[in-house]
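Observations on the three-dimensional arrangement
In case you want the letters, here they are:
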Amino acid sequence: MQSLEYFKIGPGTQIAIICTNSWLMKLPYFLSLQLKSLSLSFHLPVDITMPNLSLKALSASLGLTLLSLPVLSQTLHLDPDKKYQVMHSFGASDCWSMQMVGKYYPENKREKIAEWLFSKATDAEGNPKGIGLSMWRFNIGAGSTEQGKESKITNEWRRAESFITKDGYDWNKQQGQRWFLDAAKRYGVNYTLGFLNSAPVSMTKNGLAIASGKLGDWNFDKTKIDDFSRFLADVSEKLRFDYISPFNEPQWDWGPKSSSGFGSQEGTPIQNADLAWAVRKLDGELKKRNIKTKISVAETAQIDYLYGDKTNRSEQGQDRQIEAFFDTKSPDYLGNLSTLEPAISGHSYFTTSPVSQLNGKREQLAQKLKTHQVSYWQSEYCILGDNAGEINGGKMDLGMKTALYVAKVIHADLTVANASAWHWWLSVSANDYKDGLIYVAKDGKLGENEANKFDGEVMDSKLMWALGNYSRFISPGMERIEAKSEDNEVLVSAFRSKTEVVTVVINPSDKEKKMTIPQVFKRQKAAVYVTSASASLKKGVIKGKSFVIPPASVLTLVLN
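Let me begin by describing the structure that accompanies this report. Every residue gets a number counted from 1 within its own chain, in the order that chain's sequence is written. With the structure being a predicted model, the display of local features is reserved for residues of pLDDT at least 70 and the display and counting of side-chain atom pairs for 80 or more, all residues being used for whole-chain, interface and lining totals. Just so you know, side-chain values use all the structure's heavy atoms and leave hydrogens and water out.

The next point concerns the overall build of the protein chain. What the protein chain contains, in helices and strands, is 13 helices and 26 strands. Here the Shrake-Rupley method, with its probe set to 1.4 Å, supplies the accessible areas, and only the displayed protein chains count as covering residues. Of the roughly 23,500 Å² of accessible surface on the protein chain, a fraction of 49% belongs to carbon and sulfur atoms. Helix and strand assignments follow DSSP, with helices taken as H or I runs no shorter than four residues and strands as E runs no shorter than two, numbered in order from the N terminus.

Next up, the structure:
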């Protein structure tokens, strides 16, 4: 037997053993050594490095008994008395595929999609049937569909119908979207919101739903502002929206994308001063008619434009929007309007990688929000671009890579930026892109095309279920509370009501983790729900006072 020169035990994390033949090998095991009359037992994780020697050879040469290492339980610290933001909603939008899916797809497939998105029911084993969204976002079209190719929008899927006709309103328009709006209400979704990318084409300067391509150039005929306000009020009243968002991503140019003069979708830029003027007009119309719908602003294209004052949109007067709309000294101040929701909304695009930017930009945003005492809604996100090489927006991914990346973004938006709402972009996508919670494909072929327009396979994603780890359990009105883990590899956030505490744990590592269940209530029940490569928001099993977090997973712990 080789003689043992020395051994060293780290505090709960490592044992290093060096022998006379100078070997080291990494193996996560317990060691039980029998050295003649001396017996040593190490009940700690082992980190041994030994080149060119197998486990079998190690056992034979030293007489070791190697036992599989159980995962040590880490402590989850919750402080229910340390409170942060009050949660509003988790949501997704009906752009653009719902106009096709909701109108043409077989009813059983529409119902399956609706159940996945809206249901809060469970099956016989206690597994959630859906992700229980609390906000549904409805795209109010500008009328590019009726214009066809003359709309200068190439893709039929990216055009949208308008309720306005020459003779008034046609409430049979947008049938596909109306079907899912009705389904959302049928399932008890808490809030609905109508948002516009462009004013109706009858009210724009160029008669189109795409803009000139000049930054800051609002494609709107200002002499029709009263018509526009009445239109928004009429639609809000008819469809019983809780919120109306008149402008979307005002910082982009939304103009032609080629020399042919065609654009990609409906949209228009708008400057802060014009936006404030239009919102005041709408406020007057809603108050005059006693319509309860609240106005939501400003759907900022990137969160930098919410707090930054020296950006690439400063010359156009399209940045520092928190200060512009919620500083009492600002000429564009809107905070005193009774119909305005006291929250500002922005989109997390292009600010999520690397981690230093993910956290740094949200820290700056949080500080500006705190200064002006305004809430924040993250109102649109999907994966775009290459994200500093971390993940690319191209190619559909139904698995955990995208789910874990987005979970990390949600975590940062909630815990660093203190977002009270978090909304995804496309609820259903036909694209070979990371932009959908659910995908549709005809005969396995993706694409916004004629084949997928009428029917196709309906596919759920791990991303959808991972969002459900938040949306299904964090109800409107819950407060975020302090949550910490001893394990730096996992991300934790927690939320409470009077009778329940919900903790979401993200484990991006390839190792199983274990946590002790904290005692929050004197007499409490605990349940866990896991999304991983092999589980989709599946109810787990708790044994004793700990719970296991599988590798590459998102888990929700519910205490009540």
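Okay, the packing of aromatic side chains next. Under the pairing criterion, centres of Phe, Tyr and Trp rings, with the six-membered ring standing for Trp, must be within 6.5 Å; the plane angle then separates stacked pairs below 30 degrees from edge-to-face pairs above 60, leaving the rest tilted. All told, the structure shown has 24 aromatic pairs when counted by the stated rule. Aromatic pair Phe 163 and Trp 171: ring centres 5.0 Å apart, planes at 40°, arrangement tilted. Throughout this description, buried means an accessible area under 20% of the type-specific maximum (1.4 Å probe, protein chains only), exposed means over 50%, and partly exposed covers the range between. Of the residues examined, Phe 163 reaches a relative accessible area of 0% and is grouped as buried. Ring centres of Phe 220 and Phe 228 lie 5.2 Å apart, and the angle between their planes is 55°; this geometry places the pair in the tilted category. Accessibility expressed as a relative area gives 3% for Phe 228, which makes it buried. Ring pairs connect the aromatic residues Trp 218, Phe 220, Phe 228, Phe 247 and Trp 277, which therefore count as one cluster. Definition used: whenever NZ (Lys) or CZ (Arg) falls within 6 Å of the ring centre and also within 35 degrees of the ring normal, the charge is taken to sit over that ring. The lysine or arginine in question, Arg 137, covers the ring of Phe 195, its NZ or CZ lying 5.0 Å from the ring centre.

A few words on the pairing of strand β17 (residues 436-441). For a regular strand, side-chain orientation follows a simple rule: the groups alternate between the two sheet faces. Burial runs high along β17: six of the six residues are buried. Bridge analysis of strand β16 (residues 421-429) against β17 gives three bridges, and the strand direction is parallel. Bridged to Leu 426 within β17 is Gly 436. Here a strand pair is declared whenever DSSP counts at least two bridges between the two strands. Sheet analysis places β17 next to strand β18 (residues 457-460), joined by four bridges and oriented antiparallel. The partner of Ala 441 across the bridge, within β18, is Glu 457.

Time to look at the nonpolar core. Side-chain atoms within 4.5 Å are what join buried Ala, Val, Leu, Ile, Met, Phe, Trp, Tyr and Cys residues into a set we call a nonpolar core. In this structure, Phe 118, Trp 136, Trp 424 and Leu 437 are the most contacted members of the largest nonpolar core, which totals 121 residues. Among the elements that make up this core, the one with the highest residue count is helix α11 (residues 400-415) (ten residues). Ranked by size, the runner-up nonpolar core spans 19 residues in total, among them Val 490, Val 492, Ala 494 and Leu 559.

This brings us to the packing of helix α10 (residues 355-372) against α11. Axes here refer to lines fitted to C-alpha atoms; in helices the fit is confined to the stretch in contact. Angles between the N-to-C directions go from 0 to 180 degrees. Close contact between α10 and α11 brings their axes to 9 Å; oriented N to C, the two are set at 25°. Taken together, the axes of α10 and α11 are roughly parallel relative to one another. Relative to α11, the crossing made by α10 is right-handed. In this structure, α10 contributes Val 355, Leu 358, Asn 359 and Arg 362 to the contact, and α11 contributes Lys 408, Val 409, Ala 412 and Asp 413. Any angle from 65 to 115 degrees is called roughly perpendicular, while one under 35 is roughly parallel, one over 145 is roughly antiparallel, and all others are oblique. For any helix crossing, the convention is left-handed if the near helix is rotated counterclockwise from the far helix by under a right angle, and right-handed if that rotation is clockwise. Whether two residues are in contact is decided by their heavy atoms: any pair within 4.5 Å suffices.

The contact between α11 and helix α13 (residues 462-471) brings their axes to 8 Å, and the two run at 30°. The angle between α11 and α13 falls in the class roughly parallel. Note on packing geometry: the crossing formed by α11 with α13 is right-handed. Packed against α11, whose contacting residues are Met 400, Thr 402, Ala 403, Val 406, Ala 407, Ile 410, His 411 and Leu 414, the element α13 presents Lys 462, Leu 463, Ala 466, Leu 467 and Tyr 470 at the interface. Just so you know the grouping, Ala, Val, Leu, Ile, Met, Phe, Trp, Tyr, Cys and Pro go in nonpolar, Asp, Glu, Lys and Arg go in charged, and all remaining residues, Gly too, go in polar. Of the residues in the contact of α11 with α13, the class split is ten nonpolar, two polar and one charged.

A word on the sheet that holds strand β20 (residues 491-496). Pairing is mixed across the open sheet formed by nine strands, whose spatial order is β24-β23-β26-β21-β20-β19-β6-β22-β25. Lying at the two open borders of the sheet, with one neighbouring strand each, are β24 (535-539) and β25 (546-549). Ignoring strand direction, the axes of neighbouring strands in this sheet form an average angle of 25°. Here α11 sits on the sheet and contacts β6 (73-86), β19 (479-485), β20, β21 (501-507), β23 (526-532) and β26 (553-559); the angle it forms with β20, its principal contact strand, is near 55°.

When you tally the buried positions in β21, you get seven out of seven residues, the bulk of the element. Residues of β21 alternate between two faces, with Val 501, Thr 503, Val 505 and Asn 507 on one and Val 502, Val 504 and Ile 506 on the opposite face, all of them buried. Examined bridge by bridge, β20 and β21 share six bridges and lie antiparallel to one another. Paired with Ser 493 across the bridge in β21 is Val 504. From the end of β20 to the start of β21, which pair antiparallel, there are four residues.

Leaving glycine aside, a negative phi is the common case for residues, and trans is the common case for peptide bonds. Backbone torsion omega between Val 297 and Ala 298 reads 10°, so that peptide bond is classified as cis. For Ala 298, the location among the structural elements is in strand β13 (residues 294-300). Between Ser 353 and Pro 354 the backbone carries a cis peptide bond, its omega angle lying at -10°. Within the element layout of this structure, Pro 354 appears in the loop between β14 (340-347) and α10.

Examined against the element boundaries, Tyr 381 turns out to sit in the loop between β15 (375-380) and α11. Along the chain, Tyr 381 and Val 406 lie 25 residues apart, while their C-alpha atoms are 9.1 Å from each other. Residues contacting Tyr 381, with those up to four places away along its chain left out, are Ser 348, Tyr 349, Thr 352, Tyr 405, Val 406, Val 409, Trp 422, His 423, Trp 424 and Trp 425. Pairs of N or O atoms are called polar contacts if they sit within 3.5 Å, as long as, within protein, a hydrogen donor faces a hydrogen acceptor (for residues adjacent in sequence, only side-chain-to-side-chain pairs). There is a polar contact of 3.5 Å between the side chain of Tyr 381 and the side chain of Thr 352.

The next point concerns the side chain of Lys 361. Relative to the helices and strands, Lys 361 is located in helix α10. Apart from the residues lying within four places of it in its own chain, the contact partners of Lys 361 are Ile 303, Asp 304, Tyr 307 and Thr 351.

Along its 17 residues, helix α7 (residues 272-288) runs 24 Å from first to last C-alpha, staying within 8% of the 24 Å computed at 1.5 Å per residue. In the core, the buried residues of α7 are packed alongside α6 (225-239), β12 (243-245), β13, α9 (321-326) and β14. Positive phi appears at Asn 290, one or two residues downstream of α7, with a value of about 55°. For a helix, the expected span equals 1.5 Å multiplied by the residue count minus one.

Looking now at the pattern of salt bridges. Here, a salt bridge means any Lys or Arg side-chain nitrogen found within 4 Å of an Asp or Glu carboxyl oxygen. On inspection of all chains with the given rule, the structure shows 24 salt bridges. For Arg 137, the salt bridge is made with Glu 299, and the minimal N-O distance between the two is 2.7 Å. Here Glu 299 lies in strand β13 and Arg 137 lies in strand β8 (residues 135-140), a separation of 162 residues in the sequence. The pair formed by Arg 137 and Glu 299 is uniform in burial state, with each residue classed as buried. Of the charged contacts, one joins Arg 289 and Glu 285 as a salt bridge, the two residues approaching to 3.2 Å between their closest N and O atoms. Where salt bridges share partners, they join Asp 234, Glu 237, Glu 285, Lys 288 and Arg 289 into one cluster.

Remember that the coordinates give geometry; whether it matters functionally is a separate question.
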